[in-house]
Amino acid sequence: MLSLMLFLHTTTSKADISQFIEENYNSSYVEPSTPEINYNTFDPFEETNRKMFAFNQAVDKAILKPMAQAYRDIVPEGGRESIRNFLRNLESPTILFNDILQGEEERASNTVNRFVINSSVGFFGFGDPATDMGYPRHTEDFAQTLAVYGVESGPYIVSPLFGPSTPRHIAGRVVDFAVHPLTWYLQNQNDGYRYSYGISEAVVAREELLDVLDDIEVNSTDYYVSIRNMYMQRRIDEISNGVPSDEPSEFSIDTARDLNLVF
Amino acid sequence: MFQNLNKYLVGLLLIIIFVSSAHSREYCDEAITFINEVTDETLSIINSSEFTKNQKKSNLSELLNKNADFETMGKIMLGKYARKLPDDMKEVYTDLIQKMLTKTIYDRLDNDEEEPDVTYAIVNDSCRNKGSKNKEFLVDGDVLKDDSRLASIRWWVIINKDQQYKVIDLTLAGVSLTLQKKDEFTSYLSNKSVSQLINNLSKKFD
């Protein structure tokens, strides 16, 4: 920060400083604590994305949300938790695959332990005794693996039905789907099993988000931007395995005050 | 003579670095203590079975009002549009930001009515400087649900001109509240005025 300030003081006038900050920090003018996100380049298809977002919203309000609400009304919390645990346990092979690809030995071992314990003691995954035994759940997917290997996310895309995404995330979903043992198993089963698995996953995931999404929609001035921002921040958090960045933003309130900007 | 002078200068520099780093640690310790007090009070309000929803909201609002700097948060959220906020609307705007954040935080924390037996805890255990003047800190911690780690939590804390610690951002599970609102406002203000934003906020939160 000091070098930036020295650079600014020696090369620019005060008016230039404001302009420099506005131009260079427009996307993260006083960016709190996460890596910089430039939405101008991150969401170049905003107009199309907003239309797709509206379409997804309509489908959600007409079909998915009522199903999730009905599921919540009918199945008590304990039952819903068991179903959630069961479906999460089925994700273990994908998580393990990506733990290994990312060279995360400890997390891979954690995933194996969770799967073994929950599938046996936890009665086919309906229970989650592994968490109590010191093996907490974590998520991994192939898009995160690509990110770890330095593949850029690409622009923000709202995909039909799947919602917020990026080309990297879409590619990751395809690979995760292809390597999942259940995909191969269900290929030889009738359509009913395949669809019911997909629909259950969607309804269970939506039920979990009922309150959160309602709160965000009610409390936001632009729901589309709120969801885009949350998606981006969450993905960054997931890629870093929930460990906050070690490099706090170089921009701070001090700097803004020093430069006689808005503070 | 110059050799001796160099020694003195190096010694002086080392003393300055030592004193500055000791101050930094001291401020960071205070920042962690401050955040722990705020989280304890917040959780005791949210987890209380004695208060009604409205009482909880009112108590949370009072607590946040005492410990958060809504004026600075509001400015961060406006970003480059902060200069367009008319003087006579500053108070109204800050008041709306307080109401909006209180409601947002309350809604996020209080959605587990169906899980009355679940206990949440927040452990804040590390801190680092932000900026160059020992006046801004990032305090990191974990949110625990029944003793298992649920999510990371990060607080952006400043020492204001009255030498009080104040929260100016909360990042839960990687999602910064201030940054999220800043993006909403920036998008809104790209084709509307600050007055329209204030009208919009007052319809929602007043």
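Owing to the predicted nature of the structure, the values given are computational and were not obtained by experimental measurement.

Colleague: Explain the overall build of chain A here, please?
Modeller: Within chain A, the secondary structure is distributed over 15 helices and two strands. Burial analysis of chain A (263 residues in total) assigns 43% to the buried set. Carbon and sulfur atoms make up 62% of the accessible area of chain A, which amounts to about 13,500 Å² in all.

Colleague: What am I meant to see in the sheet that holds strand 1 (residues 120-130) of chain B here?
Modeller: What links the strands of a sheet is backbone hydrogen bonding, and the strands pair in either a parallel or an antiparallel sense. All names here are of chain B. Taken together, five strands build an open sheet; the order of strands is 1-2-3-4-5 and the sheet is antiparallel. Since the sheet does not close on itself, it has two edges, and those belong to strand 1 and strand 5 (175-176), each with one partner. Across 10 bridges, the pairing between strand 1 and strand 2 (residues 136-145) is antiparallel. Residue pairing across strands places Ala 121 opposite Leu 144, the latter belonging to strand 2.

Colleague: I'm lost on the state of the cysteines in this one. Help?
Modeller: Residues and elements named next belong to chain B. Applying the stated rule across the entire model yields one disulfide over all chains. Residue Cys 28 pairs covalently with Cys 127 via a disulfide, S to S 2.2 Å. In this structure the cystine formed by Cys 28 and Cys 127 twists about its S-S bond by roughly -75 degrees; its chirality is therefore left-handed. Pair noted here: Cys 28 is in helix 1 (residues 2-47) and Cys 127 is in strand 1, with a separation of 99 residues, a long-range link.

Colleague: Honestly, unusual backbone geometry in this entry has me stumped. Any pointers?
Modeller: With the exception of glycine, the majority of residues adopt a negative phi angle, and the majority of peptide bonds are in the trans configuration. At Phe 124 of chain A, a position not held by glycine, the phi torsion is positive, near 60 degrees. Relative to the assigned elements, Phe 124 of chain A resides in the loop between helix 7 (105-120) and helix 8 (129-132). Classification of Phe 124 of chain A by relative accessible area gives exposed; the value is 55%. Even without being glycine, Ala 173 of chain B reaches a positive phi, approximately 50 degrees.

Colleague: Can you help me understand the environment of Thr 178 of chain B in this one?
Modeller: Within the element layout of this structure, Thr 178 of chain B appears in helix 5 (residues 177-189). For the pair formed by Thr 178 of chain B and Lys 66 of chain B, sequence separation is 112 residues and the distance between their alpha carbons is 18 Å.

Colleague: Before we go on, may I ask you to explain the packing of helix 2 (residues 53-67) of chain B against helix 4 (residues 90-109) of chain B in this structure?
Modeller: What describes two packed helices is the angle between their axes and the distance between those same axes. Residues and elements named next belong to chain B. Close contact between helix 2 and helix 4 brings their axes to 10 Å; oriented N to C, the two are set at 125 degrees. In terms of axis orientation, helix 2 runs oblique to helix 4. Here the hand of the crossing between helix 2 and helix 4 comes out right-handed. Where helix 2 approaches helix 4, its residues Lys 53, Lys 56, Lys 57, Leu 60, Ser 61, Leu 64 and Asn 65 are matched on the opposing element by Gln 98, Thr 102, Ile 105 and Tyr 106. Its residues assigned to classes, the contact of helix 2 with helix 4 comprises four nonpolar, four polar and three charged.

Colleague: It is not clear to me how the environment of Lys 56 of chain B should be interpreted in this structure. Could you clarify?
Modeller: Residues and elements named next belong to chain B. Counting through the fold element by element, Lys 56 comes out in helix 2. Of the residues examined, Lys 56 reaches a relative accessible area of 10% and is grouped as buried. Residues Lys 56 and Ile 45 lie 11 residues apart in sequence; the distance between their C-alpha atoms is 6.0 Å. At 3.0 Å, the side chain of Lys 56 and the backbone oxygen of Ile 46 are in polar contact.

Colleague: Looking at this structure, I do not really get the nonpolar core. What am I missing?
Modeller: Nonpolar side chains tend to gather and get buried jointly when the protein is soluble and globular. Judged by nonpolar contacts, the single largest core of 51 residues is most densely connected at Tyr 93, Ile 97, Phe 185 and Leu 201 of chain B. The dominant element in this core, judged by the number of residues it contributes, is helix 1 of chain B, at eight residues. With residues near it in sequence (within four places) discarded, Tyr 93 of chain B still touches Gly 74, Lys 75, Met 77, Leu 78, Leu 85, Phe 185, Leu 197, Ile 198 and Leu 201 of chain B. Among the nonpolar cores identified, the runner-up in size contains 14 residues, and Tyr 156, Val 158, Ile 216 and Tyr 223 of chain A belong to it.

Reading guide: rules and limits
Residues numbered from 1 in each chain as written. Chains lettered and ligands numbered in written order. Predicted model: local features only at pLDDT ≥ 70, side-chain atom pairs only at ≥ 80, totals over all residues. Heavy atoms only, no water. Helix = DSSP H or I, 4+ residues; strand = E, 2+ residues; numbered from the N terminus. Buried < 20%, exposed > 50% of the residue type's maximum accessible area, 1.4 Å probe, protein only. Areas by Shrake-Rupley, 256 points an atom, 1.4 Å probe, with all protein chains shown as cover. Pairing = 2+ DSSP bridges. Disulfide = S-S within 2.5 Å. Axes fitted to C-alpha atoms, helices over the stretch in contact; angles between N-to-C directions. Parallel < 35°, antiparallel > 145°, perpendicular 65-115°, else oblique. Left-handed = near helix turned anticlockwise from the far one by under 90°. Contact = heavy atoms within 4.5 Å. Nonpolar A, V, L, I, M, F, W, Y, C, P; charged D, E, K, R; others polar. Polar contact = N/O pair within 3.5 Å; in protein donor to acceptor, adjacent residues only side chain to side chain. Core = buried A, V, L, I, M, F, W, Y, C linked by side-chain atoms within 4.5 Å.

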